[in-house]
Amino acid sequence: MAASSGEHVLSLYRLLLKESKKFPSYNYRTYALRRVRDAFRENRTVEDPKVVEELLNRARDSLALIQRQVLVQKNIDVVTCGFCRVC
Amino acid sequence: VMNRTLSRKLLGSMCGISSRRLSFAQSAVNTLIKSRELEKDELRPLYMDFQATTPMDPRVLDAMLPYQVNYYGNPHSRTHAYGWESETAMEKARKQVADLIGADPREIVFTSGGVARFYKAKKNHIITTQTEHKCVLDSCRILEAEGFEVTYLPVKNNGLIDLKQLQETIRPDTSLVSIMTINNEIGVKQPIKEIGHLCRSKNVFFHTDAAQAVGKIPINVNDCKVDLMSISGHKIYGPKGVGALYVRRRPRVRIEPLQNGGGQERGLRSGTVPTPLVVGLGAACEIAQQELEYDHKCVTVLANRLVQKIVSEIPDVVMNGDPDQRYPGCVNLSFAYVEGESLLMALKDVALSSGRSVKDYNYTTGDLMHMTFFFVRFGIGRFTTDEEVDYTVEKRIQQVKRLREMSPLWEMVQEGIDLKSIKWTQH
C-alpha cells in the first residue's frame, strides 16, 4: 500500500516538474519548478492517509492547471523569455 | 542580422517549443524578429519593480478564463442561470477577499482598483501623512476645497509615524485618519495596530491603504481596529482594473458613494461588477493567503542577499526606511556621490524604479549633500529568482563604481575634503 502510493507520489512529482519546464516565461517556469519542489519537500513526512489524499488531489489539480496555462501561454506569447542567458 | 532559420531554432529552444510548431506562427515570429532587430536590446529586461505592479499568477488567470469565455452572465441578472452562476462566483470571490483580511463578506465592496475614496462626515478634520500615495494626497486636496480641514503629518527619519504626534493632532472634530500600511517607495510598515487602537479610543475612523500590504503580511481588520481598507488587485498578482474596499459594519461606517447610478455594491459603487476581474481578485487573495509564509520567507532571503552583496562591495550606500519595521521585498537604496541621470539611463536592462529625494535641499546654505542622494527601488516578489538578484546586484555595482570614478565629488571625498566646507559659486 505504502509502496504503491509512494510510487504514485513520485510519478506525480515527475509529471509536475516535466510540465512546469514547458512554461515559455522564465519567471513562471522557475517559480513553478521551485514551488513544486518545495511543496513536495515540505510534505515529505506527512503520514495521515486523508491528508496525503487531499494533497495528492491538489497536486493533480495543479498539474491540470499547469498544462492548461502552458498551452495558453505558448500560443499567445511567442517571444517572452526575459533573461535567457541564465536558463 | 541573424539568419532566419538559426533564429527560429534559437527562439524555439529558448521558449521550449519545437521548431515544427513554430512554423504556423512563422510570419508573426518574423515580424517580431524584425522589430527586435530594430532595437538594440534583444531581450526584455528583468522585472524588479513589484511595487509598481505585479505579473498575474497563472492560477489567477486560470480562475478567470472560464468567466471570460463561457460564464459571461451579468451577476445582477436575477432570472437565468447565466446570472446565477456569475453571482455565485462574485460572492465566492467576495468571501475569498474577506477571509484574507479577517472580515465579513458583506463588508467588502468591489471597486475599479486601488483607492476609490469617498467620505461623509459631520466632523470636518482629516489627518493623513506626508508620505501617502499621490492619489490619497490629491483626494485630500479636493476635500480641502470642499471645506474639510486636512493635517498632513510628517514622518520621522525612519519613515514611521510618531504616535505621540498623532495623538496630539487628533481633535474632537477629527473624523478620519488615513495612513498607509506599507509605504510603496521605502517599504516601511506603519504601526497599524497601535494607530487603530488609538483611533478607536478617540472615536475616529481609521482608513488604511493596504494595497502593498495585503497578502504580503498578515492583516486582520479586527485586531488592528481598521474601519476602512483599500485593496488593489494588481499588487497581489491579480488582474488590473479591480480592487476592493473594506467598509466596517460594526460599528457602522457611513460613507457617501462616489459613483452613483444603479445601486450595486450596497449603493456604494454603482456599475456592473466585472465578474472575471473580481473572480481573479478573489483567487489572488486566496492564493496570497496560502502562500503568505512561503513568499515572505523567499522574499526575505532574496532581499537580504541583495542588500548584503551591495553593501559589502560599495561604501556609502544608505537603505532608506526603518530596518526592522519594514516589508523586506521593497528595498530602497540611495547611492551617494552618483550622478542621478546617468544611473537612470544605465538601468535599462533591469526594470527598476528610481527617483530623486530633494526634500532636504536647503537653498540658502547650499547644502548639496541631499541633492546627490538618488534612490533606486528594488522590488522583490513571488517570482524573483536568485539569478535575477545576482545579475541585478552585479550590474548595479559595476555602474555605481563606474559613475563614481567619473564623479568629481567622489574624488574630493576620497581626498578627504569635507563637502560641507566647499563654497559653491553661482554662475
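In this text the structure is predicted, and so the values were computed from the model without any measurement.

Thoughts on the overall build of chain A
Next, step 1: Helix and strand counts for chain A stand at 3 helices and 0 strands.
Next, step 2: Secondary structure elements of chain A, listed N to C terminal, follow the sequence α-α-α.
Next, step 3: Within chain A, the fraction of its 87 residues that count as buried is 39%.
Next, step 4: Accessible surface computed for chain A: about 5300 Å², of which carbon and sulfur atoms make up 56%.

Structural notes on the packing of aromatic side chains
Next, step 1: One pass over the full model with this rule turns up 9 aromatic pairs over all chains.
Next, step 2: An angle of 50° between the planes, with centres 4.9 Å apart, marks the rings of Tyr13 of chain A and Phe40 of chain A as tilted. Placement of Tyr13 of chain A in helix α1 (residues 2-20) and of Phe40 of chain A in helix α2 (residues 26-42) is noted, with a sequence separation of 27 residues between them.
Next, step 3: Grouping aromatic residues by their ring pairs yields a cluster made of Phe23, Tyr28 and Tyr31 of chain A together with Tyr47, Phe50, Tyr237 and Phe383 of chain B.

Looking at the UniProt feature "domain: Complex 1 LYR protein" (unreviewed entry) in chain A
Next, step 1: UniProt's entry tags residues 8-64 of chain A with the feature "domain: Complex 1 LYR protein" (unreviewed entry), counted in the numbering of this structure.
Next, step 2: Secondary structure over residues 8-64 of chain A splits into 81% helix and 0% strand, and the C-alpha atoms at its two ends are 16 Å apart.

Describing the packing of helix α5 (residues 81-101) of chain B against helix α9 (residues 275-313) of chain B
Residues and elements named next belong to chain B.
Next, step 1: Interhelical geometry of α5 versus α9 gives an angle of 35° and a closest axis separation of 8 Å. α5 and α9 meet at a crossing whose hand is left-handed. When α5 is examined against α9, the residues Ser86, Ala89, Met90, Ala93, Gln96, Val97, Asp99 and Leu100 are found in contact with a partner set consisting of Thr275, Val278, Val279, Leu281, Gly282, Ala283, Cys285, Glu286 and Gln289.
Next, step 2: Here the residues of the contact of α5 with α9 sort into 10 nonpolar, 5 polar and 2 charged.

Observations regarding the sheet that holds strand β5 (residues 174-178) of chain B
All names here are of chain B.
Next, step 1: Reading across the sheet, the 7 strands line up as β2-β8-β7-β6-β5-β3-β4 and stay open at both edges, with mixed pairing between neighbours. Of all the strands in the sheet, the pair left with one neighbour each is β2 (108-111) and β4 (149-153). Each adjacent strand pair in this sheet contributes to an overall mean axis angle of 20°, direction not counted.
Next, step 2: Of the strand pairs in this sheet, β2 and strand β8 (residues 243-247) are connected by 4 bridges, and their pairing is antiparallel. Opposite Val109, over in β8, you have Leu245 as the bridge partner.

Comments concerning the domain arrangement of chain B
All names here are of chain B.
Next, step 1: In terms of domains, chain B is made up of domain 1 (58-288) and domain 2 (292-421).
Next, step 2: Carbon and sulfur atoms supply 57% of the area buried between domain 1 and domain 2, which totals about 1600 Å² over both sides.
Next, step 3: Together, Ile186, Lys216 and Tyr237 form the three largest contributors to the area buried by domain 1 at its contact with domain 2, with a combined 32%.
Next, step 4: Where domain 1 packs against domain 2, one counts 0 salt bridges.
Next, step 5: At the surface where domain 1 touches domain 2, the tally comes to 8 residue pairs in polar contact (both at pLDDT 80 or more).
Next, step 6: Looking at the side of domain 1 that touches domain 2, the elements with two or more residues in it are α4 (58-69) and α9.
Next, step 7: Partitioned by chemical class, the residues of the side of domain 1 that touches domain 2 number 10 nonpolar, 4 polar and 4 charged.

Here we look at the nonpolar core
Next, step 1: Formed by 75 residues in total, the largest nonpolar core has its most connected members in Phe110, Met229, Leu306 and Phe335 of chain B.
Next, step 2: Ranked by residues supplied to this core, first place goes to α9 of chain B with 12 residues.
Next, step 3: When residues of this core are assigned to domains, at least three fall in each of domain 1 (58-288) and domain 2 (292-421) of chain B.
Next, step 4: Dropping the residues within four chain positions of it, Met229 of chain B is found in contact with Ile101, His207, Thr208, Ala210, Val214, Ile219, Val221, Ala244, Leu245 and Tyr246 of chain B.
Next, step 5: If you look at the next biggest cluster of nonpolar residues, it comprises 17 residues, including Leu12, Leu56 and Val70 of chain A together with Phe50 of chain B.

Describing the pairing of β5 of chain B
Residues and elements named next belong to chain B.
Next, step 1: Counted residue by residue, β5 has 5 buried out of 5 residues, so it is predominantly covered.
Next, step 2: Relative to β5, strand β3 (residues 125-129) is paired through 4 bridges, and the arrangement is parallel. Bridge pairing in β5 places Ile126 opposite Leu176.
Next, step 3: Summarising the sheet, β5 and strand β6 (residues 205-209) pair through 3 bridges and their orientation is parallel. What sits directly across from Leu176, in β6, is Phe205.
Next, step 4: Note on the crossover from β5 through helix α8 (residues 192-201) to β6: the handedness is right-handed.

Thresholds applied
- Residues numbered from 1 in each chain as written.
- Chains lettered and ligands numbered in written order.
- Predicted model: local features only at pLDDT ≥ 70, side-chain atom pairs only at ≥ 80, totals over all residues.
- Heavy atoms only, no water.
- Helix = DSSP H or I, 4+ residues; strand = E, 2+ residues; numbered from the N terminus.
- Buried < 20%, exposed > 50% of the residue type's maximum accessible area, 1.4 Å probe, protein only.
- Areas by Shrake-Rupley, 256 points an atom, 1.4 Å probe, with all protein chains shown as cover.
- Phe/Tyr/Trp six-rings, centres within 6.5 Å; stacked < 30°, edge-to-face > 60°.
- UniProt positions renumbered as here; feature names shortened; annotations may be inferred.
- Axes fitted to C-alpha atoms, helices over the stretch in contact; angles between N-to-C directions.
- Left-handed = near helix turned anticlockwise from the far one by under 90°.
- Contact = heavy atoms within 4.5 Å.
- Nonpolar A, V, L, I, M, F, W, Y, C, P; charged D, E, K, R; others polar.
- Pairing = 2+ DSSP bridges.
- Domains from an automatic or database assignment.
- Buried area = accessible area lost by both parts, 1.4 Å probe.
- Salt bridge = Lys/Arg side-chain N within 4 Å of Asp/Glu carboxyl O.
- Polar contact = N/O pair within 3.5 Å; in protein donor to acceptor, adjacent residues only side chain to side chain.
- Core = buried A, V, L, I, M, F, W, Y, C linked by side-chain atoms within 4.5 Å.
- Right-handed = clockwise from strand over helix to strand, strands pointing away.

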